[in-house]
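# Observations on the model geometry
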Amino acid sequence: MSFIALRASSEGSKMRQVAWQKSSFSGNGPGNDCVEVADLLGAVAVRESDEPSRSIAASPEAFAALIRRLKAGECHG
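Conventions we followed
Residues numbered from 1 in each chain as written. Predicted model: local features only at pLDDT ≥ 70, side-chain atom pairs only at ≥ 80, totals over all residues. Heavy atoms only, no water. Helix = DSSP H or I, 4+ residues; strand = E, 2+ residues; numbered from the N terminus. Buried < 20%, exposed > 50% of the residue type's maximum accessible area, 1.4 Å probe, protein only. Polar contact = N/O pair within 3.5 Å; in protein donor to acceptor, adjacent residues only side chain to side chain. Contact = heavy atoms within 4.5 Å.

### Focus on the side chain of R47
- The residue R47 is located in strand β4 (residues 44-48) in this model.
- In this structure R47 comes out as buried when scored by relative accessible area, which is 15%.
- Only 2.6 Å separates the side chain of R47 from the side chain of E36, close enough to count as a polar contact.
- Leave out the neighbours within four places in its chain, and R47 touches W20, C34, V35, E36, P52, R54 and S55.

Listed below in structure tokens is the structure:
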């Protein structure tokens, strides 16, 4: 599984122009930060909502494989 790190520049970037989707399981109040995902046309980007300038991206296939492994309980932190 291969991910690349992305970082938004202070002068503006495509990262600021994408539509990020927040999990429906997160709340809207303080302390309810979560992981967000975005479609980058050929890649899937992932970031933490409390650190939006840093993200990682992967092919849709690699992202789907990660989700399958998470759902199967194969990834331990």
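### Describing unusual backbone geometry
- Positive phi is not limited to glycine here, since L41 has a value of about 55°.
- Mapped onto the secondary structure, L41 falls in the loop between β3 (35-39) and β4.

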